[in-house]
Amino acid sequence: MTIAVLLKQVPDTTAKITVSGGRVDQSSVAKWSTSPYDEYALEYALQLKEAGAGDLVAITCGPDRAAKMLTDAAAVGVDSMLHVVADTTEMDSKQIQSILAAAIEHCGADVVLCGKQAADTNSGSTGPGIASMMGAACVGMVSEVMVEGDSFSALRASSSGNERVSVSRPCLFAFDKASTELRRPNVKGIMMAKRKVIETVSASDLGIDMGESQVIIESHDSPPEKPPGQKFEGADSVQTVVLKLREEANVI
Amino acid sequence: MPFDALDFYDVDSLLTEDERMVRDMVRDFVDKDVLPEIEHACRDGVFPDEWRVTLGEMGVLGAPLKGYGCPGLSYAAYGVICRELERGDSGLRSFASVQGSLAMYPIWDFGSEDQKNYYLPKMASGEWIGCFGLTEPDYGSNPGDMITKAEDMGDHYLLNGAKMWITNGSIAQLAVVWAKLDGVIRGFIVEKDDEGFSAPEMKGKHSLKASVTSELVFQDCKIPKDRILPGVKGLRGPFSCLNNARYGISWGAIGSAQACFDSAKEYSLSRIQFEHPIASYQLVQNKLSWMLREITKAQLLAYHLSQKKDSGDWIPEHISLAKMNNVDIALEIARVARDIHGANGILDEYPVMRHMANLESVKTYEGTHDIHNLILGRYITGIQAFTRETS
């Protein structure tokens, strides 16, 4: 039995993003990291593997540089890695989902963990879209998952608090922020990662016909500059400030 | 602001991928576990035990040693580990240097097979802490004239004497102690509970406050016969340990310098005087560019030395130059960084005064700055200035 964790490499949250020619300038990104929600998925996938739920494969779809992220995942304990090398910048969500669904099938995985959304595009469609293609149960907003015999028990946020959901294979868990951060590697793990080979394939190796993108990205723009703050002085302004805090800022 | 490690010439790109992964691992430990706690540890004068546990879990103790549960990393990786640890605090790096280079190394190189199998795995895992007893109250730069002596009593050795300035002494489970047996310097493994052995802590330091420093006292201390290190006689034993520790320090000092540079850069960009950030003034820029220049040179020196260590093509004088230079510039960078921070520089809100005070010790221990100059002087001239005898 195989568990898959899906990882996406995104600009680090501390990296400066510049836009040039209507597109995010990827070459100007100083540091790339694993998307933070995916790191939670990875930690809980490692816990499932350690609980004996199956072997763990880390899968990514992205350019050559994304391989570094798979090596980092190997250092914390994933058994194997699959890298679908592709330029995803102009792909729509459905194309990426079909690549990842085919990659999951290629690895023979029927339990999938991923982040609820990526820190760059924030679309949140990858997990549910793949679950739909796999015909798998999809549990979103997950903060914990455990193996219980043949099924899995997940904790997720609901409108009335947390709820515990039990599902059987095939299933997909899309992670929100969880209580346990991704573990730090150790020297032994790093040395083992050096010996693990990343399987590298292309979308066509997986036998997928993605078709044309249904979405056309017209342009990227930097967020508008924040307007300067407003300054009030003296006791006379109290009423105005209270009114603004209530009516405009909606904080009281 | 997150730490931005100055690497102007991108020297880290010369490291292997796994060496960079080790760097990132230790950097993460320092960011998340060490920096939030370091000022408390300094105020309380303690080395937090959690750091010992995590160093063991990461598997970085005794980094370049192979076999017996040791990591088996390159000397470049060992250097990077020291640099990242010392970016946190010199006391933390001192802990790792003493454990790996001064306590584990002599057992690994000069110990019996039984000693290696018994001690090294639990020292690599951090379960046991080791210390190194060479310096005595009256014999620092001149260890060859040490007073501590061992006597062969037939079924055991009897150790008498005292060691001073011993990092990790009071928290260690074992001490590698150098003493004269029939006038010849030999290494002995002394365990914490050995009869006649005590390790009182030295208090009142203004430097390396998060590191434990102790005396080791031996009063008719009985040592079983199988605890002598069989593989070495004379000063070569302790000096070969010091070579490895000094090598690590030459990298470690860069970490302190990077931390001070980063803090000075950030501070000077945000501190406004006369309506402009002080970073916009030429005097401050001159100081920052001098720091960048010296750190870059130190990085190249340390990296090149790492390659020589890994290939085996090195002499102790190479290490003397790197230890002396890199600590010297790190200390001066810490002082200039304190100056750039103005009065704020003396507060523990910023790391600069702590690094500055630490580096005063680092300049003196493991061969003082002057002694390394004399080692180089002897190399150049063939004249030994310590004893005024030609070598």
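Let me sum up the structure you'll find in this document. (Residues numbered from 1 in each chain as written. Chains lettered and ligands numbered in written order. Predicted model: local features only at pLDDT ≥ 70, side-chain atom pairs only at ≥ 80, totals over all residues. Heavy atoms only, no water.)

**Regarding the nonpolar core**
Considering soluble globular proteins, one finds that nonpolar side chains tend to be buried as a cluster. By size, the foremost hydrophobic cluster in this structure holds 156 residues, and its most contacted members are A:L113, A:F173, A:F175, B:L159 and B:W178. Of the residues forming this core, the biggest block, 13 residues, is contributed by helix α7 (residues 236-270) of chain B. Core analysis: the next-biggest nonpolar cluster, separate from the first, contains 28 residues, A:V84, A:A86, A:C107 and A:V201 among them. (Core = buried A, V, L, I, M, F, W, Y, C linked by side-chain atoms within 4.5 Å. Buried < 20%, exposed > 50% of the residue type's maximum accessible area, 1.4 Å probe, protein only. Helix = DSSP H or I, 4+ residues; strand = E, 2+ residues; numbered from the N terminus.)

**Notes on the pattern of salt bridges**
A complete count under the given rule lists 39 salt bridges over all chains for this structure. Across the salt bridge formed by A:D72 and A:K68, the nearest N and O atoms sit 2.7 Å from each other. You can see A:D72 and its partner A:K68 sitting in helix α2 (residues 67-76), four residues apart, about one turn around the helix. We classify A:D72 as partly exposed; its relative accessible area is 29%. A residue is classified by how much of its surface remains accessible, and A:K68, at 32% relative accessible area, is partly exposed. Salt-bridge contacts for B:E84 lead to B:R27; the nearest nitrogen and oxygen are separated by 2.9 Å. Of this pair, B:E84 sits in helix α4 (residues 75-88) while B:R27 sits in helix α1 (residues 17-34); the two residues are 57 residues apart in sequence, bridging distant segments of the chain. An identical accessibility class is assigned to B:E84 and B:R27; each is buried. Bridged by salt links that share partners, the residues B:D12, B:R23, B:D24, B:R27, B:R83 and B:E84 form one connected network. (Salt bridge = Lys/Arg side-chain N within 4 Å of Asp/Glu carboxyl O.)

**Things to note about the interface of chain B and chain A**
If you look at the interface, chain B gives 19 residues, while chain A gives 13 residues. Between chain B and chain A, roughly 1,200 Å² of surface is buried when both sides are summed, and carbon and sulfur atoms account for 65% of that area. The largest share of the area that chain B buries against chain A comes from B:D18, B:M21 and B:M25, three residues that together contribute 44% of it. Counting the contacts that link chain B with chain A gives three salt bridges. Between A:R184 and B:D33 there is a salt bridge; the shortest N-O distance is 3.4 Å. (Contact = heavy atoms within 4.5 Å. Buried area = accessible area lost by both parts, 1.4 Å probe.)

**Re a nonpolar patch on the surface**
Residue and element names in this part refer to chain A. On the surface, V238, V242, L245, V251 and I252 cluster together into a nonpolar patch covering about 420 Å² of accessible area. Assignment of secondary structure puts L245 in helix α6 (residues 238-247). Residue classification places L245 among the partly exposed residues on the basis of a relative accessible area of 34%. (Patch = residues over 30% accessible without salt bridge, like charges linked within 9 Å, V, L, I, M, F, W, Y side chains within 5 Å. Areas by Shrake-Rupley, 256 points an atom, 1.4 Å probe, with all protein chains shown as cover.)

**Details of helix α9 (residues 316-340) of chain B**
Here α9(B) contains 25 residues, and its C-alpha end-to-end distance of 36 Å stays within 8% of the 36 Å for a straight helix at 1.5 Å per residue. B:G342, located one to two residues past α9(B), shows a positive phi value of around 60°. (Expected span 1.5 Å × (residues − 1).)

**Quick look at unusual backbone geometry**
The step from A:R169 to A:P170 runs through a cis peptide bond, and the omega angle for that step is -10°. Of note in this structure, A:M141 is not a glycine but carries a positive phi near 55°. Look at A:M141 and you get partly exposed, because its relative accessible area is 36%. Here B:W165, not a glycine, exhibits a phi torsion of approximately 65°, which is positive. Within the element layout of this structure, B:W165 appears in strand β3 (residues 156-167). According to the relative accessible area criterion, B:W165 is exposed, its value standing at 53%.

**Concerning the sheet that holds strand β1 (residues 2-6) of chain A**
Residues and elements named next belong to chain A. The strand order across the open sheet formed by nine strands is β11-β10-β9-β12-β8-β1-β6-β7-β13, and the pairing between neighbours is mixed. The sheet terminates laterally at β11 (161-168) and β13 (198-201), the two strands that pair on one side only. Averaged over all neighbouring strand pairs, the angle between strand axes comes to 30°, with direction disregarded. Of the pairings in the sheet, the one linking β1 to strand β8 (residues 109-115) comprises four bridges and is parallel in character. Paired with V5 across the two strands is L113, which belongs to β8. (Pairing = 2+ DSSP bridges. Axes fitted to C-alpha atoms, helices over the stretch in contact; angles between N-to-C directions.)

**Looking at the packing of aromatic side chains**
Residues and elements named next belong to chain B. In this structure the tally under the stated criterion is 17 aromatic pairs over all chains. Ring geometry for Y105 and F110: centres 6.2 Å apart, planes at 80°, overall edge-to-face. Neither residue differs from the other here; Y105 and F110 are each classed as buried. Summarising the aromatic geometry, the rings of F197 and F218 are spaced 5.3 Å apart at their centres and angled 10° between planes, so their arrangement reads as stacked. Of this pair, F197 sits in strand β6 (residues 197-198) while F218 sits in strand β7 (residues 213-224); the two residues are 21 residues apart in sequence, bridging distant segments of the chain. No difference in accessibility class separates F197 from F218, as the two residues are buried. An aromatic cluster is defined as three or more aromatic residues linked by ring pairs; in this entry it consists of F47, W51 and F95. The ring of Y118 carries the charged tip of K122 above its face, separated from the ring centre by 3.7 Å. It is K309 that lies over the ring of Y75; its NZ or CZ is 4.4 Å from the centre. (Phe/Tyr/Trp six-rings, centres within 6.5 Å; stacked < 30°, edge-to-face > 60°. Lys NZ or Arg CZ within 6 Å of the ring centre and 35° of its normal.)

**Section: helix α1 (residues 36-50) of chain A**
End to end, α1(A) covers 22 Å across 15 residues, agreeing with the expected 21 Å (1.5 Å per residue, within 8%). When α1(A) is considered as a whole, its buried residues turn out to be A:D38, A:Y40, A:A41, A:L42, A:E43, A:Y44, A:A45, A:L46 and A:L48.

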